[in-house]
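Chain by chain, the residues run as shown.
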Amino acid sequence: MVIPTSAAPGTTAGTATSAVPTAVPTAAGRRGFTFLQAAVALQTLAILFQASTAGLLLSTTYGETLHGVGARVMYGASMLYLLAAVLAWRPGGGPARPVLYATGFLVLASVQVVLGVAHAPAPHVPLGVVMFGLSLLDLGRGLSAARHRA
């Protein structure tokens, strides 16, 4: 598309070209980091914090306090992830799959809390590792899908 431009006094008139955009970015593309992605990132960071405080639990006097606080934050982050997934699905019109993932994480977090309270490290530690890996995979999947949409 060629648009004539007016020239300033003493200069010659020219033309300017403008490129017509081929695709209009969606609202999600313009927002960047969505609430759902933020919730998964928070959950992943909370689980990573739990892994680091597990070592402190064994070696310091304040490790138990940090691990207990981290457990509450991790459980809250799992509930926030479920809320974000439901909000992205129902009112947002997104897919239902993240709701299933978030529900699974909340179930795993509940089992993890029960095992921690029961002081059963044999299943508690490997389940924490599995949860971190799954959460990291979920975060990567969400970020990769967002990058492909953009």
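Owing to the predicted nature of the structure, the values given are computational and were not obtained by experimental measurement.

Visitor: What is the right way to read the packing of helix 2 (residues 35-59) against helix 3 (residues 63-89) from this model?
Guide: Describing two packed helices takes the angle between their axes plus the distance from one axis to the other. Two numbers describe how helix 2 lies on helix 3: the axes approach to 8 Å, and their chain directions differ by 165 degrees. Judged by the inter-axis angle, helix 2 sits roughly antiparallel to helix 3. Every pair of crossing elements has a handedness; the one defined by helix 2 and helix 3 is left-handed. Residues that form the contact of helix 2 with helix 3 fall into these classes: 22 nonpolar, seven polar and one charged.

Visitor: So what exactly am I meant to see when it comes to the pattern of salt bridges here?
Guide: Side chains that carry opposite charge are capable of pairing whenever their charged atoms lie near each other. Under the definition given, this model contains one salt bridge. A salt bridge links R141 to D138; the shortest N-O distance between them is 2.4 Å. One end of the pair is R141 and the other is D138, both in helix 5 (residues 121-149) and three residues apart, which spans about a single turn. For R141, a relative accessible area of 35% translates into the label partly exposed. Judged by its relative accessible area of 6%, D138 is buried.

Procedures and definitions
- Residues numbered from 1 in each chain as written.
- Predicted model: local features only at pLDDT ≥ 70, side-chain atom pairs only at ≥ 80, totals over all residues.
- Heavy atoms only, no water.
- Axes fitted to C-alpha atoms, helices over the stretch in contact; angles between N-to-C directions.
- Helix = DSSP H or I, 4+ residues; strand = E, 2+ residues; numbered from the N terminus.
- Parallel < 35°, antiparallel > 145°, perpendicular 65-115°, else oblique.
- Left-handed = near helix turned anticlockwise from the far one by under 90°.
- Nonpolar A, V, L, I, M, F, W, Y, C, P; charged D, E, K, R; others polar.
- Salt bridge = Lys/Arg side-chain N within 4 Å of Asp/Glu carboxyl O.
- Buried < 20%, exposed > 50% of the residue type's maximum accessible area, 1.4 Å probe, protein only.

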